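Structure at a glance
Each chain, written out:
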Amino acid sequence: MFDRLSSLVIALTLVAVAAIFAGLAGGDALTITLLAAAGAAAAAIVHAAVPGAPPDFDGGTGAPEPEAPPPSLLRHPDFARWADQEREPLIGTADNVVTIANDAAVRLLGRHIVGADIRTAIRHPAATEGLAAADGASPPPPIDLVDFPRSGQRWTLRIAELSGGDRIIFLSDRSAIDAADRMRSDFVANASHELRTPLAAILGYVETLHDLTGETNVPTRRRFLSIIEREARRMQQLVIDLLSISRVEADRFRRPTTPVDLAAIVRTTIAQLQDSEEARPKDIVALPGDTAVPVLGDEAQLAQLVHNIISNALKYGRAGTPVTVELIPEDADRVRLSVSDEGDGIAPDHLPRLTERFYRVDEARSRSVGGTGLGLAIVKHIAERHRGQLDIASEPGKGTRVSVAFPLAA
């Protein structure tokens, strides 16, 4: 591409060459004049047709021309494709108007948010205040959205400022992390409480024993010593259960690979309970069958699971009523271990929480029979590690049925 000056020089050169050739060809003055006029007209046309180079300054004022704004990231076709691959909600806004929302954001907030003002699309006072206060000069801090979108949930909102008034807004669900933190805090508080209670009783009775003198207090000493022994055993059982649940949790991602006979484990556990000092051993009605039931499992953990379920039924069922233990084939691939009692039963609102650590339906009764509140929590974790499905069904006044369905070994 030639500039205007170069085009003019070339055109005048061509006119001169044309005039010289016309003279050499013997043309008269009129012919030469016409050729020169035609060449000048051609030069003017060429000069006008060739675009000139853009000036360095605007109107000679010395101010540079404004640069074209960069293309918007939100309008790039690959951005929408990437945004939909994100699992957490992501929203793009231009001048506070929602221009793009990925699938997760639409599921959370609704499809109507596209085209709406972001300050009203996210209906939370902290979000409205934070979005209005963001000025783009500095990265805004994360905004906590408590009880959003429902009570008991918490989300975090982060804002990424782009050029041209565009923003990308990220929403992260923190509800599960908060629940885990609460569970950890509750666990520590409950464990310390469960240990302090028997420890306080032991210390109190020991101090009283120190003050007792003479043989007249022998019956009192024996009674106090039996209480101390009972509370010490309760502490011992609590420590054993805490260690058990810790070991099960540590192994929860390692699936057992050793074939074991579940029917043999059930028979052995029942025999141990009947020979022990466990209350109501004669009430156990064992129906495990004589056929081997092969499953992939940890023999010690499965024995603990069976022991905990049957012990619970013996503790909370009515004396003199049967505690029925069965192994029921469900189909060609699964077998269900079922333990039923005829106790007082459990109200429906308690059932979802029975596997929580230290949760008790009747706290006073649970402590009186020696429960630690961890038995069913251990059962739940062992069942999950063995790919078992735990089910608890109960009817107040009629009894409770606890069952776990295990996949059979191939």
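Before reading further, recall that the structure is shown in the block above.
To start, this report covers the structure provided alongside it. (Residues numbered from 1 in each chain as written. Predicted model: local features only at pLDDT ≥ 70, side-chain atom pairs only at ≥ 80, totals over all residues. Heavy atoms only, no water.)

1. So, the overall build of the protein chain
A count of helices and strands for the protein chain gives twelve helices and twelve strands. The buried share of the protein chain, reckoned over its 410 residues, is 36%. For the protein chain, contacts bridging at least 24 residues in sequence account for 58% of all contacts bridging at least 6. Accessible area of the protein chain: about 24,200 Å², with a carbon and sulfur share of 57%. (Helix = DSSP H or I, 4+ residues; strand = E, 2+ residues; numbered from the N terminus. Buried < 20%, exposed > 50% of the residue type's maximum accessible area, 1.4 Å probe, protein only. Contact = heavy atoms within 4.5 Å. Areas by Shrake-Rupley, 256 points an atom, 1.4 Å probe, with all protein chains shown as cover.)

2. Digging into the sheet that holds strand E5 (residues 166–173)
Ordered in space as E2-E1-E5-E4-E3, the five strands form an open sheet in which the pairing is antiparallel. The sheet is open, and its two borders are formed by strand E2 (97–101) and strand E3 (143–146), each paired with just one other strand. Pairwise comparison of adjacent strand axes, ignoring direction, gives a mean angle of 30° for this sheet. Pairing of E3 with strand E4 (residues 154–161) involves four bridges; the strand directions are antiparallel. Within the sheet, the bridge partner assigned to Ile 143 lies in E4 and is Leu 157. (Pairing = 2+ DSSP bridges. Axes fitted to C-alpha atoms, helices over the stretch in contact; angles between N-to-C directions.)

3. Remarks on the sheet that holds strand E11 (residues 389–395)
Taken together, the five strands give an open sheet; going across it, the order is E7-E9-E10-E12-E11, and neighbouring strands pair in mixed fashion. The open sheet terminates on both sides in strands that have one partner only, identified here as strand E7 (284–287) and E11. If you compare each strand with its neighbour and ignore which way they point, the axes differ by 15° on average. On top of the sheet, helix H9 (residues 262–275) reaches E7, strand E9 (323–329), strand E10 (334–340) and strand E12 (399–407); it is set at about 175° to E9, its chief contact.

4. Examining the environment of Ile 177
Secondary-structure assignment places Ile 177 in helix H7 (residues 175–211). As for Ile 177 and Arg 154, which are separated by 23 residues in sequence, their C-alpha atoms are 9.3 Å apart.

It is worth stressing that arrangement in space is one thing and function is another; only the former is reported here.
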